[in-house]
Amino acid sequence: MDLLFQPYDLDNLHLKNRIVMAPMTRARATTTVPDDLTVEYYRQRATAGLIISEGAPISREGCGYLRNPGLYTSEQAAGWRKVTNAVHAKGGKIFVQLWHVGRMSHTSLQPDGRSPVSSVAIMARNSKAYAITETGEAGMIQARCLVPGFDGLD
C-alpha cells in the first residue's frame, strides 16, 4: 500500500503519487463551458497523482450528454484553463479526455435537432443519453438518431 503514495515518473511527467482519477461524466456544468463548480470539483481532487477529466466534447455535434463542458470554443478553452490552473496550484496534474460520442447521443442535443454525427446510421440498442425528455426536462432517454427511411435498432 505504501507504494501507492510514492512519487512516479510517467515518461517525464512527475506525479506526486500513483493514484489516477479515472474520467467520469459529471453532468454538473450549467452550460457547455467549465464553470466555478467544475473548477472546484477538480481542485478538490488535485491530491491524486493524475486526474483524467470527464469527456470534453470536441464539437457541438460530438455532445451526448447535457451539462457536459466541451472544448471546441475559446470560451470553453478559457474555462478548462481555470480548471487546469486550479489543479496545478494544488500540485496536481490533469489530462483532458477528448470526446465525440457518435451515435450515443440524441437529436435533442444536436444543432437544430439533427441526427448525431456517427460512423454508422443505426441507433444503439438499449443505450441511453442524458438529454431532454419529451416533457422538456433533463433525464435518461434512448440514444436516438434520425435516419430517413430507417426505424430499426442495431
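Whatever comes next refers back to the structure up there.
Bear in mind the structure is a predicted one, so any value in this text is a computation, not a measurement.

(A) Geometry of the sheet that holds strand E4 (residues 50-57). Here three strands make up an open sheet; going across it, the order is E3-E4-E5 and the pairing parallel. The open sheet has two edge strands with one neighbour each: strand E3 (20-21) and strand E5 (94-99). Pairing between E4 and E5: five bridges, direction parallel. From the neighbouring strand, proline 57 faces E5, where its bridge partner is tryptophan 99. Together, E3, E4 and E5 form the strand contacts of helix H1 (residues 36-44), whose direction differs from that of E4 by roughly 155 degrees.

(B) The arrangement of the pairing of strand E7 (residues 138-142) in detail. Relative to E7, strand E6 (residues 128-132) runs antiparallel, the two sharing five bridges. Across the sheet, the residue bridging to alanine 129 is isoleucine 141, located in E7.

(C) The packing of aromatic side chains, seen in detail. Evaluation of the coordinates by the stated rule reveals three aromatic pairs. Seen from their ring centres, tyrosine 41 and tyrosine 42 are 5.0 Å apart, and the 90 degrees between their planes marks the pair as edge-to-face. Of the two residues, tyrosine 41 and tyrosine 42, both sit in the buried class. Here the aromatic rings of tyrosine 42 and tryptophan 80 are separated by 6.0 Å at their centres, their planes lie at 50 degrees, and the arrangement is tilted. In this pair, tyrosine 42 sits in helix H1 while tryptophan 80 sits in helix H2 (residues 74-89), placing the two residues 38 residues apart along the sequence. Given the relative accessible area of 1%, tyrosine 42 is considered buried. Under the relative-accessibility criterion, tryptophan 80 is labelled buried at 6%. What links up through ring pairs into an aromatic cluster is the set Tyr41, Tyr42 and Trp80. Stacked on the ring of tyrosine 41, the Lys or Arg arginine 45 has its end atom at 3.8 Å from the ring centre.

Reading the values: the criteria
Residues numbered from 1 in each chain as written. Predicted model: local features only at pLDDT ≥ 70, side-chain atom pairs only at ≥ 80, totals over all residues. Heavy atoms only, no water. Pairing = 2+ DSSP bridges. Helix = DSSP H or I, 4+ residues; strand = E, 2+ residues; numbered from the N terminus. Contact = heavy atoms within 4.5 Å. Axes fitted to C-alpha atoms, helices over the stretch in contact; angles between N-to-C directions. Phe/Tyr/Trp six-rings, centres within 6.5 Å; stacked < 30°, edge-to-face > 60°. Buried < 20%, exposed > 50% of the residue type's maximum accessible area, 1.4 Å probe, protein only. Lys NZ or Arg CZ within 6 Å of the ring centre and 35° of its normal.

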